[in-house]
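Understanding the architecture of this molecule
Chain residues, written in single-letter form:
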Amino acid sequence: DGGITQSPKYLFRKEGQNVTLSCEQNLNHDAMYWYRQDPGQGLRLIYYSQIVNDFQKGDIAEGYSVSREKKESFPLTVTSAQKNPTAFYLCASSLAGTRGSNQPQHFGDGTRLSIL
Amino acid sequence: GQNIDQPTEMTATEGAIVQINCTYQTSGFNGLFWYQQHAGEAPTFLSYNVLDGLEEKGRFSSFLSRSKGYSYLLLKELQMKDSASYLCAVRRRRGSTLGRLYFGRGTQLTVWP
């Protein structure tokens, strides 16, 4: 079945450590997104990519980095510069361009990141 | 960011009807989405409006008024499983691209027996 797979489900980060969250989709979607969700908050956009080898900063990109080397994959690295990384991280994908005009974003099951 | 407002919490009883409102202020409006999110899970798509009017999908309906910057999600015949957070998201056009989504903080709905 087609879908979005995020791994791991739970992740723990030590002080000064970079960690990478995986996101893979087999929906043949052009666009991919990373969101952060804190308790009682909506989704805030970290980075997004409309096409391979291109990505844009969202509203809270500081302390994060991404790459888009393949259409199917959009990994997110939480660097040591992100001082408050504890949150629920959601990856999403969608069609882009006119094909995607009425199509929703589809979400993975999320990764919960905590500081040790 | 965009100003997207929705109530923080709502409660209702099983079998009842509930309306969750969402107001927004944005330029380049390019569609409004409603998502349902159960605790600790991924959001799932419920509805999409880009033109004024009502879209009906089974027990769920969504309404949009672009001139008023207003949408609502209507849930009928409430069931216990409808207890969840409901997220309103507005898409803003960016140049020639579809643009990204801006999410409200979500409305936590609790359905009582």
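Anyway, here's the lowdown on the structure attached to this text. Note that the structure is a prediction, hence the values are computed from the model and not measured. (Residues numbered from 1 in each chain as written. Chains lettered and ligands numbered in written order. Predicted model: local features only at pLDDT ≥ 70, side-chain atom pairs only at ≥ 80, totals over all residues. Heavy atoms only, no water.)

With that settled, the discussion passes to the overall build of chain A. Regarding its fold elements, chain A presents zero helices and eleven strands. In chain A, the succession of helices and strands from N to C terminus is β-β-β-β-β-β-β-β-β-β-β. Radius of gyration (C-alpha) of chain A: 14 Å, near the 13 Å computed for a compact globule of 116 residues. Expressed along its principal axes, the backbone C-alpha trace of chain A runs to roughly 45 × 25 × 25 Å. Burial statistics for chain A: of 116 residues in total, 51% are counted as buried. Within chain A, counting contacts between residues at least 6 apart in sequence, those at least 24 apart form 55% of the total. When the accessible area of chain A is evaluated, it comes to approximately 5600 Å², of which 47% is carbon and sulfur surface. For chain A, the distance from the average position of its 12 positive side-chain charges to the average position of its 11 negative side-chain charges is 4 Å. (Helix = DSSP H or I, 4+ residues; strand = E, 2+ residues; numbered from the N terminus. Rg over C-alpha atoms; globule rule 2.2 N^0.38 Å. Buried < 20%, exposed > 50% of the residue type's maximum accessible area, 1.4 Å probe, protein only. Contact = heavy atoms within 4.5 Å. Areas by Shrake-Rupley, 256 points an atom, 1.4 Å probe, with all protein chains shown as cover. Lys, Arg positive; Asp, Glu negative; His and termini not counted. Charge placed at Lys NZ, Arg CZ, Asp CG, Glu CD.)

Facing 20 residues of chain B, the contacting portion of chain A comprises 27 residues. When chain B packs against chain A, the two sides together hide about 1800 Å² of surface, and 55% of this comes from carbon and sulfur. Counting every contact that joins chain B to chain A gives one salt bridge. Ionic pairing is found between B:Arg100 and A:Asp59, a salt bridge with its closest N-O pair at 2.8 Å. Linking chain B to chain A there are three residue pairs in polar contact (both at pLDDT 80 or more). (Buried area = accessible area lost by both parts, 1.4 Å probe. Salt bridge = Lys/Arg side-chain N within 4 Å of Asp/Glu carboxyl O. Polar contact = N/O pair within 3.5 Å; in protein donor to acceptor, adjacent residues only side chain to side chain.)

A few words now on the sheet that holds strand E7 (residues 60-65) of chain B. All names here are of chain B. Pairing is antiparallel across the open sheet formed by five strands, whose spatial order is E1-E3-E8-E7-E6. Only two strands of the sheet have a single neighbouring strand rather than two, namely strand E1 (3-5) and strand E6 (53-57). Strand-to-strand twist in this sheet, taken as the mean axis angle between neighbours without regard to direction, amounts to 15°. Sheet topology note: the E1/strand E3 (residues 18-25) ladder contains three bridges and is antiparallel. When the bridges of E3 are listed, Asn 3 appears paired with Gln 25. (Pairing = 2+ DSSP bridges. Axes fitted to C-alpha atoms, helices over the stretch in contact; angles between N-to-C directions.)

Here the focus is the environment of A:Gln56. Tracing the sequence through the fold places A:Gln56 in strand E6 (residues 54-57). Only 2.9 Å separates the side chain of A:Gln56 from the side chain of A:Asp54, close enough to count as a polar contact.

Once that is clear, we can look at the packing of aromatic side chains. Taken as a whole, this structure holds 17 aromatic pairs over all chains when the rule is applied. With a centroid separation of 5.8 Å and an interplanar angle of 80°, the aromatic rings of A:Tyr47 and A:Phe55 are classed as edge-to-face. When its relative accessible area of 8% is taken as the criterion, A:Tyr47 is described as buried. Residue class for A:Phe55 comes out partly exposed when judged on its relative accessible area of 35%. Taken together, the aromatic side chains of A:Tyr33, A:Tyr35, A:Tyr48, A:Phe107, B:Phe33, B:Tyr35, B:Phe45, B:Tyr48 and B:Phe103 make up a single cluster linked through ring pairs. Stacked on the ring of B:Tyr102, the Lys or Arg B:Arg100 has its end atom at 3.7 Å from the ring centre. (Phe/Tyr/Trp six-rings, centres within 6.5 Å; stacked < 30°, edge-to-face > 60°. Lys NZ or Arg CZ within 6 Å of the ring centre and 35° of its normal.)

The next thing to look at is the environment of B:Gln19. Residue and element names in this part refer to chain B. One can find Gln 19 in strand E3. Sequence spacing of Gln 19 and Leu 74 is 55 residues, and the spatial spacing of their C-alpha atoms is 4.5 Å. Reaching out from Gln 19, the side chain makes a polar contact with the side chain of Asn 21 at a distance of 2.9 Å. Here Tyr 70 takes part through its side chain, which lies 3.1 Å from a polar atom of the side chain of Gln 19.

Here we take up the pattern of salt bridges. In this structure the tally under the stated criterion is seven salt bridges over all chains. Of the charged contacts, one joins A:Asp38 and A:Arg44 as a salt bridge, the two residues approaching to 2.8 Å between their closest N and O atoms. You can call A:Asp38 buried: its relative accessible area is 14%. The partner of B:Asp52 in a salt bridge is B:Arg66, and the shortest N-O contact between them spans 3.0 Å. Pair noted here: B:Asp52 is in the loop between strand E5 (44-49) and E6 and B:Arg66 is in the loop between E7 and strand E8 (70-75), with a separation of 14 residues, a long-range link. Overall, the relative accessible area of 43% leaves B:Asp52 in the partly exposed class.

In short, geometric facts, not functional conclusions.
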